[in-house]
Amino acid sequence: MSEFKKVVYNEKFRVLLNREQIESRIKELGREITREYEDKNPIMVGVLNGAFIFMADLIRYTELDMEIDFIKISSYGNSKKSTGKVRILKDMDAEIKGRHVLVVEDIVDTGLSIKYLMDRLGARQPASLKFVSLLFKPESVIEKVHIDHIGFEIPSSFVVGYGLDHQQILRNLPAIYVMDEQTKRKKTTYHDR
Ligand code: IMP
């Protein structure tokens, strides 16, 4: 049976955040971001792959003249054995020097990815560089970073759905689920986004 069907039919996963909770929080984030960037013509940079659904919803709840772009980086997802090595797999296209940049992340876990992006994108001299993450696991943080907008603080458990994957699947689940420990152990924890 596919992992997707296991979730749906065998209830191996527990709902952490349902669709309504996610939607209403993203509406609020959209309002905050609209206020913050009014008249600034920002670029929103989605971090692939995990942020694609969140970003798609978030931009529809903002009322801004904005551009979008994407960057793809690799990291050790939920691994406790992280080496801290992050690298760019696909760079963004836009020049950001002098521009207002808002990076859109799915989840901040150790903080290593966001620290890497702060350093790499910061070196390109944007007018401002801010971060919004749908999820944040405060108990997992290794690298203390400032996240300007956070959707939800969650416990350190591994979560899937709404863009977040396990082994590149389960992104299409409409809500956010905590993954059953036994199910997770069957798989390796290393993954690209
Ligand atoms: P960080 O560098 O440890 O903060 O990890 C950030 C990235 O790891 C996220 O953008 C995700 O791709 C992945 N990740 C961290 N925690 C989870 C999780 O619970 N589920 C799915 N992916 C995760």
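On a predicted model such as this, the values are computed, not experimentally measured, just so you know.

Conventions we followed
- Residues numbered from 1 in each chain as written.
- Predicted model: local features only at pLDDT ≥ 70, side-chain atom pairs only at ≥ 80, totals over all residues.
- Heavy atoms only, no water.
- Helix = DSSP H or I, 4+ residues; strand = E, 2+ residues; numbered from the N terminus.
- Buried < 20%, exposed > 50% of the residue type's maximum accessible area, 1.4 Å probe, protein only.
- Contact = heavy atoms within 4.5 Å.
- 1 Å grid on protein atoms, 1.4 Å probe; cavity = no way out; pocket = protein on both sides within 12 Å on 5 of 7 lines; lining within 4 Å.
- Points joined across faces, edges and corners; volume = space filled by probe spheres on them.
- Nonpolar A, V, L, I, M, F, W, Y, C, P; charged D, E, K, R; others polar.
- pLDDT = per-residue confidence, 0-100.
- Pairing = 2+ DSSP bridges.
- Salt bridge = Lys/Arg side-chain N within 4 Å of Asp/Glu carboxyl O.

Undergrad: I would appreciate a short explanation of the overall build of the protein in the present structure.
TA: When helices and strands are tallied, the protein shows five helices and nine strands. In sequence order, the secondary structure elements of the protein are arranged as α-β-α-β-α-β-β-β-α-β-β-β-β-α. Sorting the 193 residues of the protein into buried and exposed places 48% on the buried side. Considering only residue pairs separated by 6 or more positions, the protein has 67% of its internal contacts joining residues 24 or more positions apart.

Undergrad: Is there a simple way to think about the layout of surface pockets in this case?
TA: In this approach a probe as big as a water molecule rolls over the atoms, and the regions it shows empty are the leftover space. Counted as a void, the largest pocket has a volume near 180 Å³. Surrounding the largest pocket, Arg19, Ile22, Glu23, Ile26, Asp57, Arg60, Tyr61, Tyr162 and Pro174 form its lining. At the level of elements, α2 (19-37) and α3 (52-60) are the ones that each hand at least two residues to the lining of the largest pocket. Here the element with the most residues in the lining of the largest pocket is α2; it accounts for four residues. Of the residues in the lining of the largest pocket, the class split is five nonpolar, no polar and four charged.

Undergrad: I tried to follow the confidence of the model for the protein on my own but got confused; where do I start?
TA: Low pLDDT means the predicted coordinates in that region are not meant to be read closely. Residues with a pLDDT of 70 or more make up 82% of the protein, whose mean pLDDT is 88. Counted against residues more than four places away or in other chains, residues 187-192, with its pLDDT under 50, gives 21 contacts.

Undergrad: Can you help me understand the environment of Val103 in this one?
TA: Note that Val103 resides in strand β5 (residues 100-108). A relative accessible area of 0% places Val103 in the buried class. Distance from Val103 to Ile68, taken between C-alpha atoms, is 9.9 Å for residues 35 residues apart in sequence. Those residues in contact with Val103 that sit more than four places away from it in its chain are Val45, Val47, Leu117, Leu121, Leu129, Lys130, Phe131 and Val132.

Undergrad: Is there a simple way to think about the pairing of strand β9 (residues 176-179) in this case?
TA: Alternating residues of β9 divide into Ile176 and Val178 and Tyr177 and Met179, and every residue in both groups is buried. Here strand β8 (residues 159-160) runs beside β9; their pairing, made up of two bridges, is antiparallel. Bridge pairing links Val160 to Tyr177 in β9.

Undergrad: Looking at this structure, I do not really get the pattern of salt bridges. What am I missing?
TA: Pairing between side chains of opposite charge can happen when the charged atoms of each approach one another. Applying the stated criterion across every chain, the model contains nine salt bridges. Glu32 serves as the salt-bridge partner of Arg25, at 3.8 Å between the closest nitrogen and oxygen. Arg25 sits in the buried class, given a relative accessible area of 16%. Taking the relative accessible area as the measure of exposure, Glu32 reaches 25% and is therefore partly exposed. Between Glu36 and Lys130 there is a salt bridge, with the nearest N and O atoms lying 3.1 Å from each other. One end of the pair, Glu36, is in helix α2; the other, Lys130, is in strand β6 (residues 128-136), with 94 residues separating them in the sequence. Residue Glu36 is classed as partly exposed on the basis of its relative accessible area of 24%. The network of salt bridges with shared partners includes Arg25, Glu28 and Glu32.

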